[in-house]
Amino acid sequence: MGIGKRAFLYVTRKRMRSILLFLLFFASGLFFLMGLSIKQVAKKAAEDFQKTLTTGLRIEGKMVDPSSLWNISKNEKGEDIIRYHAPLMMEEHIEEFLAIEGVKGFYSEDMACLSAYTGLSLRPGYYSWCQDVAHGNVPLEGDITKEFQDYLIEESYNADKVKAQSNGFLGVYDSEWHPAFINGAVELVEGRHIRIGDKAKAVISDKLAENNNLKLGDKIKAQNTDIFTGEFYGSIYETEIVGIFHINFEQPITPDKTLEWDILENSVFCTPEFDFWSRHEGQLHKDMPVTAEESDKRLYTVVLFLEEPALLDNVKEKLLAMDSIDWNYYDMGTYDKDYQTAAAPLLSMMRISDLLAVIPAIGTLAILSLVLMIWMRSRSYEIGILSSIGIKKKTILLQFFTECCGIAAAAFLAALLCSGSVIKLAGDALQAQLYSSGFEEKYEVVVQLETSQMDINLLPQAKGDALDYPVTPGEACFVFLILTGTAAITSVLSSGRMIGQRPWEVLHRK
């Protein structure tokens, strides 16, 4: 009787054992196919999504002792002058950065959102709400008491009135490369962007322009005010409108919490010197040490936007070759905040699919190996009889190998046939669960309390695009090799020791 026939007869005669092995191989194969397919599909979707975003290289200054970087002296006006004695990133390096092959844009995170009175009609926020409370237009209930109303009238009425017409000013070197324009939250609809080297230029929202009858070429005048009294102080800053942007989402506003200058519609993209003007006027008004304007301003944290992510290492290498900057003072990393946030469900699918493929499959294989070892050891009497009638040990081993691999191959084919519908159900269920915590709105506005910096972030959506989960030939071959390899190795290891014994020893023990 040949090996194949003997293996077939044994498998069909020991049906319960064979069915158990078949189910274990089937479950293991299905888990492997499911995990691999979902991971590859999620990975491909995440990569396609990343291509729609602009990747950057983020350079951030390390926290070090300031005395190692600069010292402060006085000029003839008694103003503080910062003199750097370490080669640091400065404004003069911006053009060098942009000249590097593969770099297409520059953005600095160093400038906070500063507020100043403009007298413009704004989208109402907290201070407009305070005015409504003071005028009795808001019912007195809950936290809105008569005492609170009296306080607003007597102590902060003038200051609130001024703040209700104060815009937020977002300093930029080049507004085209502000993250809000990069991720599509806002788009330029008229005029041009602020460009590097511009002075006293501004880009405003179409709503702000519409509500105040502003157009390209008009001027906006800004002035600082005392936070407690609303009193005006210092010089007037005047900037020209060169561009108008449209907001592609609706920012949620809570009247009793959201400040006017934290509303994107009221924000003004402005040139960097606004930052110095605002702080300089404040230092003079508060009788604080006055810092002189720097001829070449230091850059603390910048982002270089790249033509494609693959150029990241090449750009980093060229930066490190610039000997005019001591890179020991800086850390470099990938700027992909929008991708990490908006693609979070897909990235989670990739991580979960790894667990789905590895943990259940390995657990099933471990049980499978244990069952095979017990099965093989229970066949010691059979091994003794076959050996005693002259069947070679290699032939016996090959029979066991054929049995196990045959069951594994049949189970794999069954798993492969069932994988399409099962993986689709599992993938859709996993996707629905991960996207369930997403948002209907595509963007959010976040104001950092420490720096007042306004971030406009992409959000993970409440529903992802429908995905198909095909099993590729490579994935199928990989799972087939795993299953048959496990069957082969386990059968050889489990039966090898018994086959190596003499027939009379095996039979006597039985």
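The structure contained in this document is the topic of the report that follows. The structure displayed is predicted, hence computed values, not measured ones.

**Some thoughts on the overall build of the protein chain**
Reasoning step 1: Across its full length, the protein chain carries 16 helices and 15 strands.
Reasoning step 2: Considering the protein chain as a whole, with its 510 residues, one finds that 47% of them fall into the buried category.
Reasoning step 3: Restricting to contacts in the protein chain with at least 6 residues of sequence separation, those with at least 24 account for 78%.
Reasoning step 4: Roughly 25800 Å² of accessible area belongs to the protein chain as shown, and the carbon and sulfur atoms make up 57% of that amount.

**Examining the pairing of strand E15 (residues 454-458)**
A regular strand places its side chains so that they alternate between the two faces of the sheet.
Reasoning step 1: The buried fraction of E15 is high, at 5 of 5 residues.
Reasoning step 2: Burial of E15 is two-sided: the residues Met454, Ile456 and Leu458 facing one way and the residues Asp455 and Asn457 facing the other way are all buried.
Reasoning step 3: Relative to E15, strand E14 (residues 443-447) is paired through 5 bridges, and the arrangement is antiparallel. Bridge pairing in E15 links Val446 to Asp455.
Reasoning step 4: Connecting E14 to the next strand, E15, in antiparallel fashion are 6 residues, including Ser452 with a positive phi near 65°.

**What about the nonpolar core?**
Reasoning step 1: If you look at the biggest cluster of nonpolar residues, it comprises 59 residues, and the most contacted ones within it are Phe269, Met349 and Ile456.
Reasoning step 2: Put simply, the parts of the chain that give this core at least two residues each are helix H2 (15-51), helix H7 (179-182), strand E10 (232-247), helix H11 (337-342), helix H12 (344-377), helix H14 (393-435), E15 and helix H15 (473-499).
Reasoning step 3: Apart from the residues lying within four places of it in its own chain, the contact partners of Met349 are Ile38, Ala42, Gly427, Leu430, Gln431, Leu434 and Tyr469.
Reasoning step 4: Core analysis: the second largest hydrophobic core is formed by 27 residues, Ile59, Leu299, Leu304 and Tyr329 among them.

**Thoughts on the pairing of strand E12 (residues 301-306)**
Reasoning step 1: Summarising burial for E12: 6 of the 6 residues are buried, a large majority.
Reasoning step 2: Residue alternation in E12 divides its side chains into two sets, Thr301, Val303 and Phe305 and Val302, Leu304 and Leu306, and both sets are buried.
Reasoning step 3: Judged from the 5 bridges that link them, strand E4 (residues 103-108) and E12 form a sheet pairing that is antiparallel. When the bridges of E12 are listed, Gly105 appears paired with Phe305.

**Quick look at the side chain of Glu281**
Reasoning step 1: Inspection of the secondary structure assignment puts Glu281 in helix H9 (residues 273-285).
Reasoning step 2: No salt bridge is formed by the buried Glu281; the nearest opposite charge belongs to Lys77, separated by 11 Å.
Reasoning step 3: When near neighbours in sequence (up to four residues on either side) are disregarded, Glu281 contacts Asn224, Tyr233, Gly234 and Ser235.

**Here's the deal with the sheet that holds strand E13 (residues 330-335)**
Reasoning step 1: One open sheet accounts for 4 strands, arranged E4-E12-E1-E13; its pairing is antiparallel. Only two strands of the sheet have a single neighbouring strand rather than two, namely E4 and E13. Averaged over all pairs of adjacent strands, the angle between their axes in this sheet comes to 20°, without regard to strand direction.
Reasoning step 2: With 6 bridges joining them, strand E1 (residues 56-61) and E13 adopt antiparallel strand pairing. The residue of E13 that forms the bridge with Ile59 is Met332.
Reasoning step 3: Against the sheet, helix H10 (residues 312-320) engages E1, E4, E12 and E13, with an angle of about 40° to E1.

**Details of the side chain of Asp226**
Reasoning step 1: By the element assignment, Asp226 lies in the loop between strand E9 (219-225) and E10.
Reasoning step 2: The charged side chain of Asp226 is buried without a salt bridge, its nearest counter-charge being Lys286 at 7.4 Å.
Reasoning step 3: In terms of polar contacts, Asp226 uses its side chain to reach the backbone amide nitrogen of Phe228, at 2.9 Å.
Reasoning step 4: Filtering out sequence-adjacent residues up to four positions away, Asp226 remains in contact with Glu231, Tyr233 and His285.

Reading guide: rules and limits
- Residues numbered from 1 in each chain as written.
- Predicted model: local features only at pLDDT ≥ 70, side-chain atom pairs only at ≥ 80, totals over all residues.
- Heavy atoms only, no water.
- Helix = DSSP H or I, 4+ residues; strand = E, 2+ residues; numbered from the N terminus.
- Buried < 20%, exposed > 50% of the residue type's maximum accessible area, 1.4 Å probe, protein only.
- Contact = heavy atoms within 4.5 Å.
- Areas by Shrake-Rupley, 256 points an atom, 1.4 Å probe, with all protein chains shown as cover.
- Pairing = 2+ DSSP bridges.
- Core = buried A, V, L, I, M, F, W, Y, C linked by side-chain atoms within 4.5 Å.
- Lys, Arg positive; Asp, Glu negative; His and termini not counted.
- Salt bridge = Lys/Arg side-chain N within 4 Å of Asp/Glu carboxyl O.
- Axes fitted to C-alpha atoms, helices over the stretch in contact; angles between N-to-C directions.
- Polar contact = N/O pair within 3.5 Å; in protein donor to acceptor, adjacent residues only side chain to side chain.

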